[in-house]
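Okay, here's what each chain looks like letter by letter:
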Amino acid sequence: GDMHDPALMEKIGAATAEEVRATGLDWAFAQTLAVARDDRWGRTYENYSEEPKIVSTYAAAMVKGLEGEGATFLDRDHVIATAKHFLGDGSTDGGRDQGDSLASEDDLIRLHAQGYAAAVDAGVQSVMASYNSWHGTKMHANKALLTDVLKGRMGFDGMIMGDWNAHGQIPGCDNGDCPIAFNAGLDVFNAPTDWKALYGHMIAEVKAGTIPQSRLDDAVRRILRVKFRAHLFDEPSPAHRPGAGGDIGTPEHRAIARQAVAESLVLLKNNGVLPLKPSARILIAGDGADNIAMQSGGWTSSWQGADNT
């Protein structure tokens, strides 16, 4: 359900930034700007709306909340925000996760790219490329969209990061070697396991000319630019920063969460069923009937929350 409340989104972003900072991190992989067009997609719950206007409005508000703006931009109470997953993750054929989007170019712009335009205009510093393909081309290999459109026409001057080992899915690549993704415009590989191999191959490929020096310079420049904007070279280690180890789940933050839940609830029309009688016996069935992790959504302090009781 859509609560049509961008001001509340900004509050949620600010509260999230404070809590992320308290854990010692200064970069959040939020927010998801997918526009889900098929409810069979397993990550539908992460998107704001199937209406691009709402996604755009919320995108800008959340970037301002997470990163701050003006005098508070990327200060000690804020974090680097990420717009993801670029592009068309909510438009895949049949709602298949990491699948192929067959959306027309017009629909890609009109429906699926609107949130990114708003996020970039609001100053988002990181954009995450998507697992999905568009008409058969993996987004991590799509130079036209990553470099020509996002960095060029949209004027994004932050860094493009990869999704978890997504580069390894490109034909001709594996997790430890993928000049195709780097040349397409990826600045930061998401390489949890094979980063040493990736590093070694990248140096060899720059020396051999497979990766142009100018492409390497662009990636380094963008990464340093974001680090300087976030004052990382002026700060002590995360454990020694003011606010480190601070409060998570404060009464103030819980009040914001409660308001968000209340405003986004969907009220069903009463056809003689509502209100439910307190004495009624109701069957609640399925995997999620008594599963706090599933009821909390897919992302918690321990990834998917399976150990939360």
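Check the entry above for the structure.
Here's a quick rundown of the structure. (Residues numbered from 1 in each chain as written. Predicted model: local features only at pLDDT ≥ 70, side-chain atom pairs only at ≥ 80, totals over all residues. Heavy atoms only, no water.)

Quick notes on the nonpolar core
Membership of the largest hydrophobic core comes to 58 residues, with the highest contact counts inside it found for L33, F86, V124, V127 and F189. Counting residues per element, this core draws most heavily on helix α2 (residues 52-67), at 9 residues. Setting aside residues up to four positions removed in sequence, F189 forms contacts with H167, C178, A181, F182, L198 and M202. Grouped together as the second largest cluster of nonpolar side chains are 5 residues, L74, I80, M159 and V226 included. (Core = buried A, V, L, I, M, F, W, Y, C linked by side-chain atoms within 4.5 Å. Buried < 20%, exposed > 50% of the residue type's maximum accessible area, 1.4 Å probe, protein only. Helix = DSSP H or I, 4+ residues; strand = E, 2+ residues; numbered from the N terminus. Contact = heavy atoms within 4.5 Å.)

Topic: the pattern of salt bridges
On inspection of all chains with the given rule, the structure shows 13 salt bridges. Residues R110 and D107 are paired through a salt bridge, measuring 2.7 Å at the closest nitrogen-oxygen approach. With R110 and D107 both in helix α3 (residues 105-112), this residue pair falls 3 residues apart, about one helical turn. Of the residues examined, R110 reaches a relative accessible area of 45% and is grouped as partly exposed. Take D107: its relative accessible area is 24%, and that puts it in the partly exposed class. R222 serves as the salt-bridge partner of D218, at 2.8 Å between the closest nitrogen and oxygen. In this pair, D218 and R222 both sit in helix α8 (residues 213-229), 4 residues apart, roughly one turn of the helix. Of the residues examined, R222 reaches a relative accessible area of 8% and is grouped as buried. (Salt bridge = Lys/Arg side-chain N within 4 Å of Asp/Glu carboxyl O.)

Examining unusual backbone geometry
At the junction of K84 and H85, the peptide bond is cis and its omega measures out at -5 degrees in the coordinates. On the secondary structure map, H85 appears in strand β1 (residues 82-86). Following F86, the chain continues into L87 via a peptide bond in cis, with omega recorded as 10 degrees. Despite not being glycine, Q98 shows a phi value in the positive range, around 65 degrees. We note that N165 has phi near 55 degrees; this positive angle belongs to a residue other than glycine. Residue placement: N165 occurs in the loop between β6 (159-161) and α6 (179-184).

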